[in-house]
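# Structural overview
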Amino acid sequence: MNRVLARNWWALALRGAAAILLGVLALLMPGVTVATLALTFSAYLLLDGVFAILAGLRASRHHERSLPFILEGAVSLIAGIVAALWPAASLFALVFLIAAWSVVTGLAEVMSAWRMERTHGKWAWGVAGALSILFGLSMWILPALGLLALAWGVAAYLIAFGLLALVTAVRLRHCHRGNGALGNGGMTATV
């Protein structure tokens, strides 16, 4: 899994950049309607799901652990489709959808971080997963936050997650380039 992650560092960087962009848009436009927020978030969930499933498929081709990636991708795709089909859903439904998605994908991220080597940004990916879980739990506990709080909460989460994903991607890129084509069978570069 470490080699596959390092070789495909750019996919994680794209996920991080997409999360930051969406977070900034949500922060700048807090009065956006629930339907617009749901559709925008749906697009992110679908993109996130595709990249996670691709990472899982690549890992399985190399006989690495792929279940955390595929699980995360499937949950993201399902949540994205639901959000796209019912954009005018009530605020509470959207809150619980985001909360469930965030907790499940956070658990998958923590599981994949557990298997990563320390030099590949294990701490950043683990913190990103924990942040996903905490965000989801907070939305579950306080469902009446309102649209403004939801928009700002989503913005803060996406920006923080995106930054942590970019940190992990940079570390993976460094390890990948530091070891050439990773022909030595392991990753020994330190950052």
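In the block above lies the structure referred to throughout.
Scope of this entry: the structure provided in the associated data block. (Residues numbered from 1 in each chain as written. Predicted model: local features only at pLDDT ≥ 70, side-chain atom pairs only at ≥ 80, totals over all residues. Heavy atoms only, no water.)

What follows is about the overall build of the protein. What the protein contains, in helices and strands, is seven helices and zero strands. Listing each helix as α and each strand as β along the protein from the N terminus yields α-α-α-α-α-α-α. The buried share of the protein, taken over its 191 residues, is 46%. Long-range pairs, those at least 24 residues apart, make up 80% of the contacts in the protein with a sequence separation of at least 6. (Helix = DSSP H or I, 4+ residues; strand = E, 2+ residues; numbered from the N terminus. Buried < 20%, exposed > 50% of the residue type's maximum accessible area, 1.4 Å probe, protein only. Contact = heavy atoms within 4.5 Å.)

What follows covers unusual backbone geometry. A negative phi angle characterises most non-glycine residues, just as the trans form characterises most peptide bonds. Phi at H63 takes a positive value of approximately 55°, unusual for a residue other than glycine. With respect to the element layout, H63 can be found in the loop between α3 (34–61) and α4 (67–85).

We now examine the packing of aromatic side chains. Tallied over the full model, the rule gives five aromatic pairs. When the ring of Y44 is compared with that of W101, the centres are 6.4 Å apart and the planes differ by 85°; the resulting orientation is edge-to-face. Taken together, the residues Y44 in helix α3 and W101 in helix α5 (residues 91–115) connect sequence positions 57 residues apart. The buried category is assigned to Y44, whose relative accessible area is 6%. Members of the aromatic cluster, connected to one another through ring pairs, are Y44, W101, W125, F135, Y157 and F161. (Phe/Tyr/Trp six-rings, centres within 6.5 Å; stacked < 30°, edge-to-face > 60°.)

Quick look at the environment of R7 now. Among the secondary structure elements, R7 is positioned in helix α1 (residues 2–7). Sequence separation between R7 and L172 is 165 residues, and the spatial gap between their C-alpha atoms is 7.7 Å. Setting aside residues up to four positions removed in sequence, R7 forms contacts with H62 and H176. A distance of 3.1 Å separates a polar atom in the side chain of R7 from a polar atom in the side chain of H62. (Polar contact = N/O pair within 3.5 Å; in protein donor to acceptor, adjacent residues only side chain to side chain.)

A word on a nonpolar patch on the surface. Residues L21, V24, L25, L28 and M29 make up a contiguous nonpolar surface patch of roughly 480 Å² in combined accessible area. Since its relative accessible area comes to 55%, L21 is described here as exposed. (Patch = residues over 30% accessible without salt bridge, like charges linked within 9 Å, V, L, I, M, F, W, Y side chains within 5 Å. Areas by Shrake-Rupley, 256 points an atom, 1.4 Å probe, with all protein chains shown as cover. Salt bridge = Lys/Arg side-chain N within 4 Å of Asp/Glu carboxyl O.)

Here L67 lies in helix α4. Residue L67 is classed as exposed on the basis of its relative accessible area, which comes to 58%.

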